[in-house]
Amino acid sequence: MFAKAQLAAGERDFNMVLTTSGSLRFRYGTRTCASFITNAYITESKALIGHWNHVVLSVKGNSAKIYLNGTLQLDINMQGKYVSSDAPFTVGGQLSASAILNPFVGKIDEAIIYRRALDADDVLSIYNPHFENRTFVVTVTSGENGSMSMEGDIAVQQGQSLTVIAIPDEGYAVDKVWIDGEVADRTSDNKYTFKNVTG
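Treat the numbers as computed from the prediction; the structure is a model and nothing was measured.

Each value, and the rule that gives it
Residues numbered from 1 in each chain as written. Predicted model: local features only at pLDDT ≥ 70, side-chain atom pairs only at ≥ 80, totals over all residues. Heavy atoms only, no water. Phe/Tyr/Trp six-rings, centres within 6.5 Å; stacked < 30°, edge-to-face > 60°. Helix = DSSP H or I, 4+ residues; strand = E, 2+ residues; numbered from the N terminus. Buried < 20%, exposed > 50% of the residue type's maximum accessible area, 1.4 Å probe, protein only. Pairing = 2+ DSSP bridges. Axes fitted to C-alpha atoms, helices over the stretch in contact; angles between N-to-C directions.

Draft legend 1. Inspection of the packing of aromatic side chains at higher detail. Within the structure shown, the criterion is met by six aromatic pairs. Look at phenylalanine 2 and phenylalanine 89: their rings are 5.8 Å apart centre to centre, the planes differ by 40°, and that puts the pair in the tilted class. Of this pair, phenylalanine 2 sits in strand 1 (residues 2–6) while phenylalanine 89 is found in strand 8 (residues 89–91), placing the two residues 87 residues apart along the sequence. We classify phenylalanine 2 as buried; its relative accessible area is 14%. Ring centres of tyrosine 192 and phenylalanine 194 lie 5.0 Å apart, and the angle between their planes is 80°; this geometry places the pair in the edge-to-face category. When sorted by exposure, tyrosine 192 lands in the same class as phenylalanine 194, which is buried. Ring pairing ties together the aromatic residues Phe2, Phe14, Phe26, Tyr28, Tyr41 and Phe89, which thus form one cluster.

Draft legend 2. Examining the pairing of strand 6 (residues 63–68) more closely. Sheet analysis places strand 5 (residues 55–60) next to strand 6, joined by six bridges and oriented antiparallel. Its bridge partner lying in strand 6, valine 56 is registered against tyrosine 67. Sheet topology note: the strand 6/strand 7 (residues 71–77) ladder contains six bridges and is antiparallel. Opposite lysine 65, over in strand 7, you have aspartate 75 as the bridge partner. The antiparallel hairpin formed by strand 6 and strand 7 contains two residues in its connecting segment, where asparagine 69 sits at a positive phi of about 50°.

Draft legend 3. Main features of the sheet that holds strand 17 (residues 191–194). If you walk across this open sheet you meet the three strands as 12-14-17, and the pairing is antiparallel. Strands with a single pairing partner mark the edges of an open sheet, and in this sheet they are strand 12 (146–148) and strand 17. Neighbour-to-neighbour, the strand axes of this sheet turn through a mean angle of 20°, independent of strand direction.

Draft legend 4. Representation of the sheet that holds strand 7. Here we have three strands laid out as an open sheet, ordered 5-6-7, and antiparallel in their pairing. Because the sheet does not close on itself, it has two edges, and the strands there are strand 5 and strand 7. Sheet twist, expressed as the mean angle between neighbouring strand axes with direction ignored, is 15°.

The following block contains the structure:
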């Protein structure tokens, strides 16, 4: 996504990459290291693929904070190892000689560089006007021998909740409710509520 590096000169300050799973990966190096510091910091929350996302990297001294969609994801102490070089800052990939490596696949808009480190309030003041009224899509499906109270792609406003009910056919019972590939908790009447939908 963006980097401050000139790989051909061995200058690797930092880079931020969107992984194939949707997580953000941050790495940093020193002025003349052969590679980035091996420890890669990866966010648990994931970007919304196919939607606009708001990403902030705020660096002050040896502290690096990473925000995704208005929420602090990583607060990294770079342990005194980080040293800034004269490497250029690039958006959309990282520089090696005159070539851009690992180009970002997607769209980037409104890239801004500030002269000071942003805090959490600053991030929210930028994020909210653009994203606070977002609409998300929850896809609900059912297997054989039953149905859901609503199915298909259901639009939900950010911060709102959605309740669905699993309805088994006669002679059957609900076994499991799966959410994003994991078994979810449900009530005794087979209800599941997506609370405070944010992505």
